[in-house]
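Analysis of the macromolecular model
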Amino acid sequence: MLTSAQDFRVTAQTGVDKLRAGDAAGARKLLEQVAAAGKGDAALFHCLAHACAALRDPDGALRAIDRALAMAPSNLQALLLKADLLSARGDPLDVDQVF
C-alpha cells in the first residue's frame, strides 16, 4: 500500500523504468496504483497511455492520454499520441477534437 509521497515517487519511477525496459504490463500496474491514489500528473498519465497502447488497449490509452491532456492541454507529445491512437482505431481524425 502506498502511503507517503516518497512511496508514490518511487512507484511512479519504477513504473516508468519498467515501461522503458519493455514491461508494459508491469508499468501499467504500478502507474495505475499511483493514479488510483490521485497522485498522477500529466507525465504519469502520458506514460500510462503508452503502456496501455503497448498492451493493445486503445480505450485505456485514450482515457489515460485524455487525463494527461486535461492537466497539460498544450503538450505536443500528448496531442500527437492522441492523434496516433485515434488513427489506429480507424476514427476519422477531427483536428478540432485533437488539436
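Preceding this paragraph is the structure being described.
Here's what I pulled together on the structure shown here. The shown structure was predicted, so the numbers you read here are calculated from the model rather than taken from an experiment. (Residues numbered from 1 in each chain as written. Predicted model: local features only at pLDDT ≥ 70, side-chain atom pairs only at ≥ 80, totals over all residues. Heavy atoms only, no water.)

For the rest of this paragraph, the subject is the overall build of the protein. In terms of helices and strands, the protein carries 6 helices and 0 strands. For the protein, the sequential pattern of α-helices and β-strands runs α-α-α-α-α-α. When burial is assessed residue by residue, the protein has 39% of its 99 residues classed as buried. Contacts in the protein between residues at least 24 apart in sequence constitute 36% of all its contacts with a sequence separation of at least 6. Total accessible area computed for the protein in this model is approximately 5,800 Å², and 52% of it derives from carbon and sulfur atoms. (Helix = DSSP H or I, 4+ residues; strand = E, 2+ residues; numbered from the N terminus. Buried < 20%, exposed > 50% of the residue type's maximum accessible area, 1.4 Å probe, protein only. Contact = heavy atoms within 4.5 Å. Areas by Shrake-Rupley, 256 points an atom, 1.4 Å probe, with all protein chains shown as cover.)

Its 13 residues place the ends of helix H3 (residues 42-54) 18 Å apart at the C-alpha level, agreeing with the 18 Å of an ideal helix rising 1.5 Å per residue. Within H3, burial applies to Ala42, Leu44, Phe45, His46, Cys47, Leu48, Ala49, Ala51 and Cys52. On the buried face of H3, the contacting elements are helix H1 (5-20), helix H2 (24-36), helix H4 (58-71) and helix H5 (76-88). Count one or two residues on from H3 and you reach Arg56, which has phi positive near 60 degrees. (Expected span 1.5 Å × (residues − 1).)

One pass over the full model with this rule turns up 4 salt bridges. In this structure, Asp57 engages Arg28 in a salt bridge whose closest nitrogen and oxygen atoms are separated by 2.7 Å. Placement of the pair is Asp57 in the loop between H3 and H4 and Arg28 in helix H2, with a sequence separation of 29 residues. For the pair shown, Asp57 and Arg28 are each scored as buried. Linked through salt bridges whose partners overlap, the residues forming this network are Arg28, Glu32 and Asp57. (Salt bridge = Lys/Arg side-chain N within 4 Å of Asp/Glu carboxyl O.)

For H2, built from 13 residues, the straight-helix expectation of 18 Å at 1.5 Å per residue is met to within 8% by its first-to-last C-alpha distance of 18 Å. When we look at burial in H2, the residues that qualify are Ala24, Gly26, Ala27, Arg28, Leu30, Leu31, Val34 and Ala35. Contact partners of the buried residues in H2: H1 and H3. Looking one or two residues beyond H2, the residue adopting positive phi is Gly38, at roughly 80 degrees.

The next thing to look at is unusual backbone geometry. The residue Arg56 is not glycine, and still its phi comes out positive at about 60 degrees. Structurally, the position occupied by Arg56 is in the loop between H3 and H4. On the accessibility criterion, Arg56 (74% relative accessible area) is exposed.

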